[in-house]
Amino acid sequence: MRVCILGSGLSALTLANAMVNENICVDILLSQKKHIINKSRTIGISKSNFDFFNQNIINIEKIIWKIKKIEIFTENFNGEKILNFGSSSDQLFSTVKNINLYDVLHKNLKSKKNQKKIKFNKKLSNIKNYDLVINTDYSNSLTKKFFNKRIVKTYNSFAYSTIINHQEIKNDVAMQIFTKKGPLAFLPISKNYTSIVYSVHNSKNQIQESIIDLIKYYNTKYKIKKITDFENFELKSFFLRSYYNKNILAFGDLLHRIHPLAGQGFNMTIRDVKILTEIIREKLSLGLPIDHSVNKQFEKKIKHKNYIFSNGIELIHEFFNFERKFNNPFLSQSVQLIGKNRSVNKFFTKIADEGLIF
Ligand SMILES: Cc1cc2nc3c(=O)[nH]c(=O)nc-3n(C[C@H](O)[C@H](O)[C@H](O)COP(=O)(O)OP(=O)(O)OC[C@H]3O[C@@H](n4cnc5c(N)ncnc54)[C@H](O)[C@@H]3O)c2cc1C
């Protein structure tokens, strides 16, 4: 049995590692466009996804930074904290630099080349040679042909990401501030480095200096020494209407892309990897073929959960967007009150950690 994975991003490499660990032979077809991994980007990985990654994909303990708490503020509420999520252990979630995760995943796959479990190809020979084709690549002809029907949302916002170098502190608390211009996240990645993602409304062609000024204005915690160059891109979310066409399955951000405000995009993909490998493992153990039925089962199992989850993120975005325009502390006061309820707080922490558990 041979599976083909199309694409060279984090989703493709993560899934390829998971499949090889299941003793499945994988051909990776690298994207036609050179894959550029953003140097200033980090990913927050939830605790349960981190555990799954270590056990089933590859051990990433050495490249992550543990976060104990997240604090949420809103500018409308005099900069007061409105929510606070913590963990009884020392790890609510972890952060990792995209580039470091990419390198570890890529290196591990390369080391398996000699065992003939993995082949890196530049051209797709014949899709019919494969039992299953998993597509994470936006730019290929299969995407244009089969995966173009999607529910799309544009935010009229740009995300700016950078890394600041600052004086050493304990740095195990992440922070999100809902500013008048959009959500600003501070994600610690070591004692003296913190990654920043600022999703700014109506900010096409915003000059870097003005974003730096805004970051300095809202930063009350770090004594900044240096700010690296920014990367920016237009924010969009979308959701594919159909997950597969026969034996070809869409995967990763091609399947569902969400606003980065809750740091959940890649976490959704890790949960997808878990479900997909479970389905394949079960079929193999029963001696059943790995074919289009895997895709059908996968869609049935996860599509509705991903849809509800994406809409939940959308709701958070709309709520704070409304609150920003409304310019009244009443909404924040209500959220603060609800967030103080321990059961409610625990419920939301669990969903952010494990996704929808029903
Ligand atoms: C600023 C930012 C911060 C993020 N932080 C987290 C996080 O903390 N935790 C987490 O689980 N996931 C996060 N994500 C999502 C995560 O980066 C993607 O899910 C993952 O990189 C997709 O890999 P891929 O191989 O499927 O796609 P790729 O082939 O790597 O392509 C995905 C492309 O889409 C871009 N992209 C992703 N989401 C959006 C969006 N909403 N609007 C516009 N472009 C987008 C990426 O920058 C990349 O260029 C973040 C995304 C962005 C844009």
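These notes cover the structure that comes with them.

The rules behind each value
- Residues numbered from 1 in each chain as written.
- Predicted model: local features only at pLDDT ≥ 70, side-chain atom pairs only at ≥ 80, totals over all residues.
- Heavy atoms only, no water.
- Phe/Tyr/Trp six-rings, centres within 6.5 Å; stacked < 30°, edge-to-face > 60°.
- Helix = DSSP H or I, 4+ residues; strand = E, 2+ residues; numbered from the N terminus.
- Buried < 20%, exposed > 50% of the residue type's maximum accessible area, 1.4 Å probe, protein only.
- Lys NZ or Arg CZ within 6 Å of the ring centre and 35° of its normal.
- Core = buried A, V, L, I, M, F, W, Y, C linked by side-chain atoms within 4.5 Å.
- Contact = heavy atoms within 4.5 Å.
- Pairing = 2+ DSSP bridges.
- Axes fitted to C-alpha atoms, helices over the stretch in contact; angles between N-to-C directions.
- Right-handed = clockwise from strand over helix to strand, strands pointing away.
- Polar contact = N/O pair within 3.5 Å; in protein donor to acceptor, adjacent residues only side chain to side chain.
- Near = heavy atom within 4 Å.
- Areas by Shrake-Rupley, 256 points an atom, 1.4 Å probe, with all protein chains shown as cover.
- Nonpolar A, V, L, I, M, F, W, Y, C, P; charged D, E, K, R; others polar.

### Description of the packing of aromatic side chains
Phase 1: Using the criterion set out here, one finds seven aromatic pairs in the structure.
Phase 2: Measuring from centroid to centroid gives 5.1 Å for phenylalanine 239 and tyrosine 307, while their planes differ by 65°, and the two rings are edge-to-face. Here phenylalanine 239, found in strand S15 (residues 231-240), pairs with tyrosine 307, found in helix H7 (residues 292-326); they are 68 residues apart in sequence, far enough to count as distant.
Phase 3: Classification of phenylalanine 239 as buried rests on a relative accessible area of 6%.
Phase 4: Owing to a relative accessible area of 39%, tyrosine 307 belongs among the partly exposed residues under this scheme.
Phase 5: The ring of phenylalanine 238 carries arginine 150 above its face, with NZ or CZ at 4.4 Å from the centroid.

### As for the nonpolar core
Phase 1: One finds Ile5, Met19, Phe53, Ile134, Leu276 and Phe298 to be the most contacted residues of the largest nonpolar core, which totals 59 residues.
Phase 2: When residues of this core are assigned to their parent elements, the largest contribution, eight residues, is made by helix H1 (residues 10-21).
Phase 3: When sequence neighbours within four positions are dropped, the list of residues in contact with phenylalanine 298 reads Tyr243, Leu249, Phe251, Leu255, Asp272, Ile275, Leu276, Ile279 and Lys303.
Phase 4: Membership of the second largest hydrophobic core comes to 19 residues, among which are Ile177, Ile196, Tyr222 and Ile227.

### Quick look at the pairing of strand S10 (residues 150-166)
Phase 1: Where S10 meets S15, nine bridges bridge the pair, whose relative direction is antiparallel. Counterpart to serine 161 in the pairing with S15 is glutamate 231.
Phase 2: The pairing of S10 with strand S13 (residues 193-201) spans nine bridges and is antiparallel. Within S13, the residue paired with tyrosine 160 across the bridge is tyrosine 198.

### Some words on the sheet that holds strand S1 (residues 2-6)
Phase 1: Ordered by their spatial adjacency, six strands build an open sheet running S8-S2-S1-S9-S17-S16, and the pairing between neighbours is mixed. Taken across any chain shown, the strands that pair with only one partner, and hence form the sheet edges, are strand S8 (118-121) and strand S16 (244-245).
Phase 2: Packed on one face of the sheet, H1 meets S1, strand S2 (25-29), S8 and strand S9 (132-135) and runs near 165° to S2.

### Considerations on the pairing of S1
Phase 1: Among the five residues in S1, five count as buried, and that is most of the element.
Phase 2: Both faces of S1 are covered, namely the face carrying Arg2, Cys4 and Leu6 and the face carrying Val3 and Ile5.
Phase 3: Judged from the five bridges that link them, S1 and S2 form a sheet pairing that is parallel. Note on S2: the bridge partner recorded for valine 3 is valine 26.
Phase 4: Assessed by its sense of winding, the connection that carries the chain from S1 through H1 to S2 is right-handed.

### Concerning the side chain of asparagine 135
Phase 1: Here asparagine 135 is to be found in strand S9.
Phase 2: A relative accessible area of 0% means that asparagine 135 is categorised as buried.
Phase 3: Setting aside residues up to four positions removed in sequence, asparagine 135 forms contacts with Leu6, Asn140, Leu142, Thr143, Phe147, Ile248, Leu249, Ala250, Phe251 and Leu254.

### Examining the side chain of threonine 95
Phase 1: Inspection of the secondary structure assignment puts threonine 95 in strand S7 (residues 93-97).
Phase 2: Assessed through its relative accessible area of 1%, threonine 95 is described here as buried.
Phase 3: Within polar-contact distance, the side chain of threonine 95 engages the backbone oxygen of proline 188 at 2.7 Å.
Phase 4: Apart from residues lying up to four places away in sequence, threonine 95 is in contact with Ile43, Gly44, Ile63, Ile64, Trp65, Ile67, Leu187, Pro188 and Ile189.

### Topic: the site of the ligand
Phase 1: The environment of the ligand is formed by 24 residues, the closest being Ser11, Arg41, Gly44, Asp253 and Arg257.
Phase 2: In the complex, the protein chains occlude 89% of the 870 Å² of accessible area that the ligand would expose alone.
Phase 3: Every element with two or more residues in the shell around the ligand is listed here: H1, strand S3 (42-46), S15 and helix H6 (265-285).
Phase 4: Looking at which element gives the most residues to the shell around the ligand, the answer is S15, with four residues.
Phase 5: Here the shell around the ligand is composed, by residue class, of nine nonpolar, 10 polar and five charged.

### Considerations on unusual backbone geometry
Phase 1: Positive phi values are uncommon outside glycine, yet asparagine 156 reaches one of about 55°.
Phase 2: For asparagine 156, the location among the structural elements is in strand S10.
Phase 3: Even without being glycine, lysine 246 reaches a positive phi, approximately 50°.
Phase 4: Residue position: lysine 246 is located in the loop between S16 and strand S17 (248-250).

By themselves, these figures tell us nothing about what the structure is for.
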